[in-house]
Amino acid sequence: MTIFIGDNAPDFSLMDVNNSTHTLSQHSGRKVMLSFYRSAKCPLCNYAIDELTGRYKKLAWAANLDVIAVFQSTTENIDKFILKTRIDGSSKEERRSQFPFVVLSDSEQETYAKYGAEKSVRGFVKGSVNVLRGTTECKKYVRCHYQKCGYHLENFTTRLPSDFLIDEDGIIVDCFHAKAINEHIPLDRIDKFLLGESSRLVERSKSEGPMRNSTGIMAKIKSRRGFEEVKSEGNRSKSEGPMRNSIGMMAKIKSRRGFRKVTSEGNLKSRKSLSVSLFNLKKMERSN
């Protein structure tokens, strides 16, 4: 399933670490940032969570935004690798109440499918290379995370992160589908969303959406037709190739024949002139 800007955000029902059911409709009338992460033990997901938490606590827009983080991990692993590593609490309830975000489990990955969160081996490789070529801070964080949580992977997945910004009416205002496992929505787009600048994109997409879609379809059809035409012309050139070659050969043969003809005509003329000159000599001798 593919989600576009201007669509209604699909509702869902997922469990938090306290085994309490949580739905998107509970946040009706509030601005929501819905983020799909890989797994609770993923160091890059934890790095993104810490980066967003630091920004969330410092800026004034924190009170105007509900952040929902969805992991394809079990509630036990979410509590172990997301909450316990950041909050010193004796119970899950305390850790959950002190964490600034709503953290949910979707181990069946049904909500991932609803929102079109993708998987990609290329994105996994690209993200790994980006980390190796990235900042020293990120590489240090990944190394420390593995040392603290262990090198054993919770589950190997090629899942790519996705982020959705949803307004008070449940309309998707902005969305971000990562092309690598280390990518998430830029924080400046969240700022624009909270300032209301992203709502213009929704109005524009609603008014121009059908026209854009039809134009895109026509463009695809034209491009395909053009490709077919080019392809047919290519096949035509291939089919006409032997004929062109034969015509070329015929032209060469004709030219050669023509050259031979010219040469033979020239020899004939020279022979005629030679016979005429001999005839004239004989005639002169007879007169003498």
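Residues numbered from 1 in each chain as written. Predicted model: local features only at pLDDT ≥ 70, side-chain atom pairs only at ≥ 80, totals over all residues. Heavy atoms only, no water.

1. Observations regarding the confidence of the model for the protein
Rule in force here: Residue-level confidence of the predictor, termed pLDDT, takes values from 0 up to 100. Strands are runs of DSSP state E lasting at least two residues, helices are runs of H or I lasting at least four, and both sets are numbered from the N terminus onward. Here, residues are in contact when the closest pair of their heavy atoms is within 4.5 Å.
Of the residues in the protein, 66% have a pLDDT of 70 or more, and the chain-wide mean is 77. Here helix α8 (residues 199-287) stands out as the element of the protein with the lowest mean pLDDT, 48, in contrast to strand β6 (residues 162-166), whose mean of 97 is the highest. Note on residues 210-257: pLDDT under 50 across the span, and one contact to partners over four residues away in sequence or across chains. Note on residues 259-266: pLDDT is under 50 here. Beyond four places in sequence and across chains, it has zero contacts.

2. A closer look at the pattern of salt bridges
Any two side chains of opposite charge can pair if their charged atoms end up close together. Definition in use: Whenever Lys or Arg places a side-chain nitrogen within 4 Å of a carboxyl oxygen from Asp or Glu, that contact is recorded as a salt bridge.
By the definition in use, this model includes four salt bridges. Notably, a salt bridge pairs D50 with R86, separated by 2.7 Å at the nearest N-O pair. Pair noted here: D50 is in helix α1 (residues 43-58) and R86 is in the loop between α2 (75-83) and α3 (92-98), with a separation of 36 residues, a long-range link. Here D174 ties to R189 by a salt bridge, and the two come within 2.8 Å at their closest N and O atoms. Of this pair, D174 sits in strand β7 (residues 172-177) while R189 sits in helix α7 (residues 187-195), and the two are 15 residues apart along the sequence.

3. A word on the packing of aromatic side chains
Here a ring pair, both rings aromatic, is described through the centre-centre distance and the interplanar angle of the planes. Under the convention used in this document: Here the aromatic set is Phe, Tyr and Trp, taking the six-membered ring for Trp, and pairing holds for ring centres within 6.5 Å; pairs whose planes are under 30 degrees apart are stacked, those over 60 apart are edge-to-face, and all others are tilted. Each residue is placed in one exposure class: buried if its accessible area under a 1.4 Å probe, protein chains only, is under 20% of its type's maximum, exposed if it is over 50%, and partly exposed if it falls in between. Working rule: Lys NZ or Arg CZ, within 6 Å of ring centre, within 35 degrees of ring normal, means a charge sits over the ring.
With the rule as written, the count across this model stands at seven aromatic pairs. Considering the side-chain rings of F36 and F164, the 6.0 Å spacing of their centres and the 90° angle between planes classify their relative orientation as edge-to-face. In this pair, F36 sits in strand β3 (residues 31-36) while F164 sits in strand β6, placing the two residues 128 residues apart along the sequence. F164 sits in the buried class, given a relative accessible area of 0%. Three or more aromatic residues link up through ring pairs in this structure, and these residues are F36, Y112, Y115 and F164. Its guanidinium or amino end placed over the ring of F193, K31 lies 5.3 Å from that ring's centre, counting from NZ or CZ.

4. Overview of the nonpolar core
As a reminder, the rule being used: Side-chain atoms within 4.5 Å are what join buried Ala, Val, Leu, Ile, Met, Phe, Trp, Tyr and Cys residues into a set we call a nonpolar core.
Formed by 38 residues in total, the largest nonpolar core has its most connected members in M33, Y37, F71, F99 and I190. Put simply, the parts of the chain that give this core at least two residues each are α1, β4 (65-71), α2, α6 (136-149), β7 and α7. Here this core gets seven residues from one element, more than from any other, and that element is α1. If sequence neighbours within four positions are ignored, Y37 has contacts with C45, A48, I49, L52, A69, V70, F71, Q72, Y112, R159 and H184. Grouped together as the second largest cluster of nonpolar side chains are 19 residues, I3, A9, I68 and F164 included.

5. Comments concerning α7
As a reminder, the rule being used: Here, the arc refers to the directions that run from the helix axis to the C-beta atoms.
Taken as a whole, α7 has its buried residues at I190, D191, F193 and L194. Seen from one end, α7 has its buried residues packed into an arc of 160°, which puts them on one side. A positive backbone phi angle near 90° is found at G196, which sits one or two residues after α7.

6. Brief notes about the pairing of strand β5 (residues 102-105)
Note the cut-off: At least two bridges found by DSSP between two strands are what make those strands a pair.
Because side chains alternate across β5, one face comprises the buried residues V102 and L104, and the other comprises V103 and S105, equally buried. Sheet topology note: the β4/β5 ladder contains four bridges and is parallel. Within β5, the position partnered with V70 by the bridge is L104.

7. A word on the environment of K148
Relative to the elements of secondary structure, K148 occurs in helix α6. Taking the C-alpha atoms as reference points, K148 and F81, 67 residues apart in sequence, are found 9.8 Å from one another.

8. Comments concerning the side chain of S162
Under the convention used in this document: Throughout this description, a polar contact denotes any pair of N or O atoms lying within 3.5 Å of each other; where both atoms belong to protein, one of them has to be capable of donating a hydrogen while the other can accept it, and for residues adjacent in sequence the pair is counted only when both atoms sit in side chains.
Locating S162 in the fold gives a position in strand β6. Of the residues examined, S162 reaches a relative accessible area of 1% and is grouped as buried. Side-chain polar atoms of S162 contact the side chain of H177, separated by 3.2 Å. Those residues in contact with S162 that sit more than four places away from it in its chain are L34, S35, F36, A117, F176 and H177.

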